[in-house]
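# An overview of the molecular structure
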Amino acid sequence: MLAQGGIAVALSENDDWQSHFSDTLMAGVEHNRRDTTEILVKEGPAAVNELIQDGLLFDRRADDTDFQYGLEGAHSFPRILHCLGDQTGKVMTSFLQAQLAEQPQVTWIEEAMVTELLLEPTATKRTDEHADFPAANATTRCIGLRYLEERSGQLGTLTADAVVLATGGLGGLFPLTTNDATITGDGMALALRAGLALKDMEFIQFHPTLLTKNNRCYGLISEAVRGAGARLIDETGRALMAGRHPLGDLAPRDIVARELTAAYDNGHQVFLDIQPVQDFEQHFPQITANLDRQQIPFRQTRRIPVRPGAHFMMGGIAVDTWGQTALAGLYAVGETACTGVHGANRLASNSLLECVVFGKRVAEQLLHTASAQAAATERPASVAPPFILPPRRLLQQKCWQHLGIRRSSDSLQHLLSWLAQFHYRQLPATYTKKQLECANLCLVAETAAKAALLRQESLGAHAISQEKIPL
Ligand SMILES: Cc1cc2nc3c(=O)[nH]c(=O)nc-3n(C[C@H](O)[C@H](O)[C@H](O)COP(=O)(O)OP(=O)(O)OC[C@H]3O[C@@H](n4cnc5c(N)ncnc54)[C@H](O)[C@@H]3O)c2cc1C
């Protein structure tokens, strides 16, 4: 719903998938899985064309001869399709939801938090035809889930032939994030509690330009604004990216985020100078409305106050090329999954494409999966001790300091020792939604810190600092 910039796809006549492929690998520092990345950029045009044929309206040029392709950081070609200027996520999500709403067999349960996966021992082999992922957990399969009704506080149970996790990333781990408040690493924690391993958890993308006021984030200022000419400056007007990278203000996000953090830590304020952007209000109506809501005097100053913050998770639940996890019956798609297409750092606007391409693949895979005819099982009463959790704000500050834009072995170790005093791994008999969210955040923080500790050298979004980080 919140995605602003658009969806990257090599659709234009002069563009090709090979160029999109090499830009994706370059941003991901070649840590990307090549097979899934190739699927992403090769199948992307057909998947997006299907949406267009179904009636999804992307912005077109004023003379209506073609789409209006935007340029974003680290893309060598303008290939970003967008809807209503900066409302791509909202338009695409609403479009797909409306298609689902027409299906009589679809039942929506809203304001409910999935709390647990139902597992069943099995002697049978997985039936999915395409799976190329080694079945790590051949003796168990996922047969459904439990959820907490947020209004009534009641627990519900659903059994299913297949469960698809699409619960987003882990932005809630940090004090400044672009993510919605519901994004607390739940899918990854569900997978961990079901015995699955997560992959590439050290790679968390920090976006350079969050709109900030009084140390709080009030949304994102899309990279498309820099694509349209805006520059990053400090309070004196000094261009912060000048001479720092050949792509200047449009350098990969991790590089820009680190430069801005260094400027901020040295006592400077950071702004986006929108003087060079023509017709800013017209091109970025949603951002303009948000700036007005937050009473930012950008019309007079032509400056927007920004700071880096958590934005996107490259790692997650390991899946195969069809979205299948190592647990039979369990699939994952979108930000909670790790298809490996983003490598060590995501290329701008590749994540909506990942959702579309791999969402479609999961659906195709499900059509090939035989019905498992699951039976509802009663959960034995939990014997796990009650949660003992840190205040969420403190957890976020610790994660920013030790698992954020700069890390060191000492600092990661410090975070792990600090986490060790709490109980968050196993589900106790009773808990509230807020407690479970915090427990999930602790669990994914531990997993990400361990992964970061194992990678001693900087790569992409994972930056090991040579300077001492205060403990
Ligand atoms: C501000 C912003 C701007 C962005 N701009 C772009 C862009 O221009 N282009 C691009 O390609 N990408 C962009 N991204 C990234 C992209 O939007 C996400 O990667 C993508 O939306 C992920 O989709 P998803 O379905 O995996 O998760 P989400 O869209 O995050 O959806 C996850 C859903 O799961 C729900 N949920 C979470 N936990 C539970 C639970 N336990 N039980 C039940 N429900 C749960 C959440 O409430 C949410 O509704 C942007 C992201 C943000 C935050």
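Here the structure is a predicted model, which is why all the values come from computation and not from measurement. (Residues numbered from 1 in each chain as written. Predicted model: local features only at pLDDT ≥ 70, side-chain atom pairs only at ≥ 80, totals over all residues. Heavy atoms only, no water.)

## A few points about the overall build of the protein chain
For clarity, the threshold we go by: Under the scheme used here, helices are H or I runs from DSSP no shorter than 4 residues and strands are E runs no shorter than 2 residues, and both carry numbers assigned from the N terminus. Throughout, radius of gyration means the C-alpha value; the globule benchmark is 2.2 Å times the number of residues raised to the power 0.38. Relative accessibility decides the category of a residue: with a 1.4 Å probe and only protein chains considered, values under 20% of the type maximum give buried, values over 50% give exposed, and everything between is partly exposed.
Broken down by element type, the protein chain carries 13 helices and 15 strands. Taken over the C-alpha trace, the protein chain has a radius of gyration of 22 Å; the compact-globule value for 471 residues is 23 Å, and the two agree within 12%. Its C-alpha atoms give the protein chain principal-axis dimensions of roughly 65 × 55 × 40 Å. Expressed as a percentage of the 471 residues in the protein chain, the buried residues total 53%.

## With respect to the site of the ligand
We apply this condition: When we say a residue is near a molecule or strand, we mean one of its heavy atoms is within 4 Å of it. Side-chain atoms alone can form a polar contact between residues adjacent in sequence; in general such a contact is a pair of N or O atoms within 3.5 Å, and within protein one must be able to donate a hydrogen while the other accepts it. Residue exposure ignores everything except the shown protein chains as possible cover, and the areas themselves are Shrake-Rupley values with a 1.4 Å probe. Put simply, Ala, Val, Leu, Ile, Met, Phe, Trp, Tyr, Cys and Pro go in the nonpolar bin, Asp, Glu, Lys and Arg in the charged bin, and everything else, Gly too, in the polar bin.
Near the ligand lie 27 residues; those nearest to it are G6, T182, D186, E335 and S351. At 3.2 Å, a side-chain N or O of R346 approaches a nitrogen atom of the ligand. S351 is positioned with one of its side-chain polar atoms (N or O) 2.7 Å from a nitrogen atom of the ligand. Here the ligand, which alone exposes 1,000 Å², has 78% of that area covered by the protein. The greatest single-element share of the shell around the ligand, amounting to four residues, is contributed by helix α10 (residues 350-367). Of the residues that constitute the shell around the ligand, the class distribution is 11 nonpolar, 13 polar and three charged.

## What about the pairing of strand β9 (residues 216-220)?
We count it as follows: In this description, strands pair whenever DSSP reports at least two bridges between them.
Bridge analysis of strand β8 (residues 204-213) against β9 gives three bridges, and the strand direction is antiparallel. Residue pairing across strands places L210 opposite L220, the latter belonging to β9. Remark: two residues form the turn of the hairpin made by β8 and β9, two consecutive strands paired antiparallel; N214 in that turn has positive phi of roughly 50°.

## Observations concerning the nonpolar core
Inclusion rule: In this text, buried Ala, Val, Leu, Ile, Met, Phe, Trp, Tyr and Cys residues form a nonpolar core when linked through side-chain atoms within 4.5 Å. Any two residues having at least one pair of non-hydrogen atoms within 4.5 Å are treated as being in contact.
Residues L117, L170, L173, F174, M201, L395 and L403 are the most contacted members of the largest nonpolar core, which totals 57 residues. No other element matches the 13 residues that helix α13 (residues 433-454) contributes to this core. With residues up to four places along the chain from it excluded, the contact list for F174 reads I204, F206, A310, Q396, C399, W400, L403 and G404. With 26 residues, the next largest nonpolar core counts I7, L40, L51 and V356 among its residues.

## What to know about the environment of L443
For L443, the position within the fold is in helix α13. Along the sequence, L443 and A197 sit 246 residues apart, while their C-alpha atoms lie 12 Å from each other. Setting aside residues no more than four positions away along its own chain, L443 makes contact with A189, L192, R193, Y424 and R425.

## Things to note about the packing of helix α12 (residues 409-419) against α13
Note the cut-off: Lines fitted to C-alpha atoms define the axes here, with helix axes fitted over just the stretch in contact, and angles between the N-to-C directions of these axes take values from 0 to 180 degrees. Should an angle lie under 35 degrees it is considered roughly parallel, over 145 roughly antiparallel, and from 65 to 115 roughly perpendicular; all remaining angles are considered oblique. Note on convention: near helix rotated counterclockwise from far helix by under a right angle means a left-handed crossing. Clockwise means right-handed.
Two elements in contact, α12 and α13, have axes whose closest approach is 10 Å; the angle formed by their N-to-C orientations is 150°. With respect to α13, the axis of α12 lies roughly antiparallel. When the axes of α12 and α13 are compared, the crossing they make is left-handed. Here S409, L412, Q413, L415, L416 and L419 of α12 lie close against α13, whose contacting residues are C442, A445, E446, A449, K450, A452 and L453. Across the contact of α12 with α13, the residue classes break down as nine nonpolar, two polar and two charged.

## Comments concerning the pattern of salt bridges
The condition is simple: Salt bridge, as used here: a side-chain nitrogen of Lys or Arg that lies within 4 Å of a carboxyl oxygen of Asp or Glu.
Inspection of the entire model under this criterion finds 29 salt bridges. When the shortest N-O distance is used, the salt bridge between E281 and R299 registers 3.3 Å. With E281 in helix α7 (residues 280-283) and R299 in helix α9 (residues 298-301), this residue pair connects regions lying 18 residues apart in the sequence. By relative accessible area, which is 41% here, R299 ends up partly exposed. One salt bridge connects E446 with R425, and the closest N-O pair in it is separated by 2.9 Å. With a gap of 21 residues between them, E446 in helix α13 and R425 in the loop between α12 and α13 connect regions that are remote in the sequence. Connected through salt bridges with shared partners, the residues R392, K433, K434 and E437 form a single ionic network.

## Section: the packing of helix α11 (residues 392-403) against α13
Each pair of packed helices can be described by the angle between their axes along with the distance between the axes. The contact between α11 and α13 brings their axes to 11 Å, and the two run at 15°. Taken together, α11 and α13 sit at an angle that is classed as roughly parallel. For the pair α11 and α13, the sense of crossing is left-handed. From α11, R392, L395, C399 and L403 reach across to α13, where they touch K434, E437, C438, L441, C442, A445, A448, A449 and A452. Here the contact of α11 with α13 is built from residues that sort into 10 nonpolar, no polar and three charged.

## Thoughts on the confidence of the model for the protein chain
Selection criterion: How sure the predictor is of each residue is captured by pLDDT, a score from 0 to 100.
A residue-level look at the protein chain finds 94% of positions with pLDDT of 70 or above and a mean pLDDT of 92. Here residues 127-136 is modelled with pLDDT under 50, and outside its nearest four sequence neighbours on either side it reaches 29 contacts, counting other chains as well.

## Quick look at the environment of V362
In this structure, V362 sits in helix α10. With a relative accessible area of 4%, V362 lands in the buried category. Among all residues touching V362, those that are not within four sequence positions of it are V164, W322, G323, Y331, A332 and V333.

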